[in-house]
Amino acid sequence: MPVPVERVELPGIGVRHDILTDDGRRLSVVSFRDGRRELALSDEDDPDRADDTVELTDDEAIALSEVLGGSLILTQLAGLREQIAGLYMEQIPVRADSPFVGKTLGDTKARTLTRCSIVAIVRPNGVVPAPEPADPLRAGDTLVSVGTRQGLDKLVRIISGA
């Protein structure tokens with residue numbers, strides 16, 4: 001069930017987007033006119049009084065959106081896997097000895113050879129949702145892949161160099 005997001009114009013300041021959590025907290029993102037943004041936690045009854053705020057740089061806001069978006073993708077895929085017979089999700093580690101370390105995702109020809117989709121690259125410092133063929137692979141990455149059992153088994157062999 002979608003969670004409603006309330007948009008509030010803040011004259012002379014910017015815009016505030018509010019989400020009311022199940023436990024009665026109000027999570028707000030304030031986008032200031034000068035481009036700054038701030039996360040705020042406030043009481044349900046008084047959205048203008050924040051209990052705590054965190055100002056985010058552009059890079060921090062992007063990282064947060066990638067983490068939240070990536071974890072949402074993984075959660076949705078896990079539920080999808082349970083709903084559709086014959087569709088599986090696999091997390092495939094890219095080990096240091098993989099022939100694709102330092103090469104691009106497209107170099108694997110994963111989709112063409114296996115008919116599997118790599119839907120995210122999970123890295124120690126974040127998630128790359130919906131990666132593109134030009135995205136580089138690094139040792140320590142984990143490829144979140146969706147496909148048939150046979151296709152995923154073949155993809156594991158390709159990524160490992162077996």
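Just above sits the structure.
Residues numbered from 1 in each chain as written. Predicted model: local features only at pLDDT ≥ 70, side-chain atom pairs only at ≥ 80, totals over all residues. Heavy atoms only, no water.

1. A look at the overall build of the chain
Now for step 1: For the chain, the count of helices and strands is 3 helices and 9 strands.
Now for step 2: Secondary structure of the chain in N-to-C order comes out as β-β-β-β-β-α-β-α-β-β-β-α.
Now for step 3: The 162 residues of the chain split such that 29% are buried.
Now for step 4: Residue pairs in contact within the chain that sit at least 24 positions apart in sequence constitute 43% of those at least 6 positions apart.
Now for step 5: Of the roughly 10,200 Å² of accessible surface on the chain, 55% is carried by carbon and sulfur atoms. (Helix = DSSP H or I, 4+ residues; strand = E, 2+ residues; numbered from the N terminus. Buried < 20%, exposed > 50% of the residue type's maximum accessible area, 1.4 Å probe, protein only. Contact = heavy atoms within 4.5 Å. Areas by Shrake-Rupley, 256 points an atom, 1.4 Å probe, with all protein chains shown as cover.)

2. A look at unusual backbone geometry
Now for step 1: With a phi angle near 60°, Arg-115 is a residue other than glycine that sits in the positive phi range.
Now for step 2: Along the chain, Arg-115 falls in the loop between α2 (110-114) and β7 (117-123).
Now for step 3: If you check the backbone angles, Ala-130 has positive phi at about 50° while not being a glycine.
Now for step 4: As for its position among the elements, Ala-130 is in the loop between β8 (126-129) and β9 (142-147).
Now for step 5: Of the residues examined, Ala-130 reaches a relative accessible area of 58% and is grouped as exposed.

3. Looking at the pairing of β7
Now for step 1: Of the pairings in the sheet, the one linking β7 to β9 comprises 5 bridges and is antiparallel in character. Counterpart to Ser-117 in the pairing with β9 is Val-146.
Now for step 2: Note that β7 and β8 share 4 bridges and pair antiparallel. Directly across from Ile-121, in β8, lies its bridge partner Val-128. (Pairing = 2+ DSSP bridges.)

4. Focus on the packing of aromatic side chains
The description of an aromatic ring pair rests on the distance of the ring centres and on the angle between the ring planes.
Now for step 1: According to the stated counting rule, one finds 0 aromatic pairs in the structure shown.
Now for step 2: One residue, Arg-36, lies across the ring of Phe-32, its end atom 4.1 Å from the ring centre.
Now for step 3: Sitting above the plane of the Tyr-88 ring, Arg-149 keeps its charged end 5.5 Å from the centroid. (Phe/Tyr/Trp six-rings, centres within 6.5 Å; stacked < 30°, edge-to-face > 60°. Lys NZ or Arg CZ within 6 Å of the ring centre and 35° of its normal.)

5. Brief notes about the sheet that holds strand β6 (residues 88-93)
By definition, the strands of a sheet pair up through backbone hydrogen bonds, in either a parallel or an antiparallel sense.
Now for step 1: Read across the sheet, 4 strands follow the order β6-β9-β7-β8 without closing on themselves; strand pairing throughout is antiparallel. Lying at the two open borders of the sheet, with one neighbouring strand each, are β6 and β8. Between one strand axis and the next, the sheet turns by 20° as a mean value, whatever way the strands run.
Now for step 2: Looking at chain direction, β6 and β9 are connected through 6 bridges and run antiparallel. Across the sheet, the residue bridging to Met-89 is Val-146, located in β9. (Axes fitted to C-alpha atoms, helices over the stretch in contact; angles between N-to-C directions.)

6. Things to note about the pattern of salt bridges
Now for step 1: Inspection of the entire model under this criterion finds 10 salt bridges.
Now for step 2: One salt bridge in this structure joins Glu-55 and Arg-36, with 3.7 Å as the shortest N-O distance. Remark: Arg-36 occurs in the loop between β3 (25-32) and β4 (37-43) and Glu-55 occurs in strand β5 (residues 46-56); sequence separation between them is 19 residues.
Now for step 3: A salt bridge links Glu-90 to Arg-149; the nearest nitrogen and oxygen atoms lie 2.4 Å apart. Placement of Glu-90 in strand β6 and of Arg-149 in helix α3 (residues 149-160) is noted, with a sequence separation of 59 residues between them.
Now for step 4: Residue class for Glu-90 comes out partly exposed when judged on its relative accessible area of 22%.
Now for step 5: The class of Arg-149 is partly exposed, set by a relative accessible area of 32%.
Now for step 6: Through salt bridges that share partners, Glu-6, Arg-16, Asp-18 and Arg-26 make up one connected network. (Salt bridge = Lys/Arg side-chain N within 4 Å of Asp/Glu carboxyl O.)

Fair warning: the whole summary comes from geometry, so function is off the table for now.
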